[in-house]
Amino acid sequence: MKQINLLEAPVRQAFISYLMPSVSATLVTSIYILADTVMIGRGIGAAGMAALNLLLPLYSVYFGLGMLCGVGGSVLFCFERGRGNEKAARGYFTTALFMAVVFAVSSFCLCRTFFDPLLVLLGNTDSMTGYARPYGLVLVTAAPVFVFSSFLQAFVRNDGAPRLAMAGVISGGVTNVILDYVTIYVLKWGMGGAALSTAAGSTLTVLILSAHFFAKENHLRPVPTLSLRKMREIISSGLASFLMEVSSGLVTFLFNRQLLAYVGDIGVVVYGIISNTALVVLSVSNGIAQAVQPLLAMNFGAGKRARVREASTLGIRTALFVGVLFMAVGLLFPTPLSHLFLDPSPEVLLMAVPAIRLYFICFPASEWNILCSAYFQSTVRPGISLTISLLRGVVLNSFFVFFLPVFFGVNGIWLTVTASEFLTAAVTAFFMKKELTHNGAPAITIENDK
């Protein structure tokens, strides 16, 4: 596939050429879990859906580890290529690849060894064990596949092949949906079959993305060196992406524990509806951020600040439009959203409608936060990007999920993410105003390889 010249092509054209493949790829990634949720909810029942929701944080961790190495490494890879330093760029790819292998193997070994305590930690109950255990065993066994799926998506896309990245993810997603139907409805394999379908889809994605290594335009060629300094820089660069992914798992974990305490299993079922819908929105947000990321990083490395400003403006405006659109869907159509995942009982529907409305108000603010975080990450200010991700994903959610229910009951749980995103948005606005004041000229701290 013909590569796009990110330094010379018109900014709008380059952004659009990356936008659809990137959004399609990240959106289909969410289908891996979304298809499981819909088919489990309708083919197995509410208990299976609740068990799936307990295990979603594990998927977030595996995918997040791949993003830590993939996004962190590929941003620096693009930055060095923009500066004309191919040797340093390949050094970042090599180091990131080594880190991904270590994380993949460690995830498999640790989660398989401590699987039963892990289920207890996630909030497993006696009523869910028969559903959570078969799904979870397959999920932790396939951990390396999930790590490398997100790792390769980032590097292949940032090496100028967004269409191949899209093809790999869409092929895996379609395979997952088809196999979900076969294993759940035809073969009656239950939760284990649903997990096998997800693992098979991700495996196909990895195989297709690996074809990039044989392409003529491939720049992802390992060099026989590893660098501790590069490891630190990759972690620093990718930590914001890791936290953005893993924080959704953390929020799911905290919500599940609080909902079990306040309203029992019915709250986990309702949150399953919300969290899976939010997963789609997050995927679109990530797609927009990933579309603008290589454009920002490479032009920043080349010193083309006007192109950087134009690209960031396009990305933020697109994200805000999407955020308002999804908020409107939640406010206007909460009942159809509930029916999408399962045939809800009157009790579930009574709780789901106001919960969806309270939660979906967050989306314009979350889009703003994600795109601004990607901007600072791509322009080699990982500290600011990390601050935004920590605030919205860990610090404020962890506080509000315990604080707000004291005053508002279960509605305080549904308001947690909205409160966190809008407060973070105010902090992010301060950083962006400061950025405009200083004319977008941050110091470059990445060293050149000698």
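Residues numbered from 1 in each chain as written. Predicted model: local features only at pLDDT ≥ 70, side-chain atom pairs only at ≥ 80, totals over all residues. Heavy atoms only, no water.

### A closer look at the pattern of salt bridges
Throughout the structure, instances matching the rule amount to eight salt bridges. For R81, the salt bridge is made with E86, and the minimal N-O distance between the two is 3.0 Å. Judged by relative accessible area, which is 30%, E86 ranks as partly exposed. A salt bridge links R381 to E435; the shortest N-O distance between them is 3.1 Å. Separated by 54 residues along the polypeptide, R381 in the loop between α14 (363-378) and α15 (382-408) and E435 in helix α17 (residues 416-437) bring together distant segments of the chain. (Salt bridge = Lys/Arg side-chain N within 4 Å of Asp/Glu carboxyl O. Buried < 20%, exposed > 50% of the residue type's maximum accessible area, 1.4 Å probe, protein only. Helix = DSSP H or I, 4+ residues; strand = E, 2+ residues; numbered from the N terminus.)

### Describing the nonpolar core
Residues Y62, Y135, F151, F255, I288, Y359 and W414 are the most contacted members of the largest nonpolar core, which totals 138 residues. Considering each element in turn, this core owes the most residues, 21 residues, to helix α2 (residues 46-82). Not counting the four nearest positions on each side in its chain, W414 is found in contact with F255, L259, G267, V270, Y271, I274, M351, A355, L358 and Y359. (Core = buried A, V, L, I, M, F, W, Y, C linked by side-chain atoms within 4.5 Å. Contact = heavy atoms within 4.5 Å.)

### Description of the side chain of T424
Relative to the assigned elements, T424 resides in helix α17. The buried category is assigned to T424, whose relative accessible area is 0%. Not counting residues up to four positions away in its chain, the partners in contact with T424 are N369, I388, L391, R392 and L396.

### Section: the confidence of the model for the protein
For the protein, the average pLDDT comes to 88, and 96% of its residues sit at 70 or higher. Of the regions scoring below 50 in pLDDT, residues 440-450 engages in 28 contacts with residues more than four places distant in sequence or in other chains. (pLDDT = per-residue confidence, 0-100.)

### Comments concerning the layout of surface pockets
The calculated volume of the largest pocket comes to roughly 250 Å³. As for the largest pocket, its lining consists of P57, L58, V61, C111, L118, L121, L122, V246, G249, L250 and F253. Sorting the residues of the lining of the largest pocket by element identifies α2, α4 (115-121) and α9 (228-262) as the ones contributing at least two each. Looking at the lining of the largest pocket, the element that brings in the most residues is α9, giving four residues. Taken together, the residues that form the lining of the largest pocket break down as 10 nonpolar, one polar and no charged. (1 Å grid on protein atoms, 1.4 Å probe; cavity = no way out; pocket = protein on both sides within 12 Å on 5 of 7 lines; lining within 4 Å. Points joined across faces, edges and corners; volume = space filled by probe spheres on them. Nonpolar A, V, L, I, M, F, W, Y, C, P; charged D, E, K, R; others polar.)

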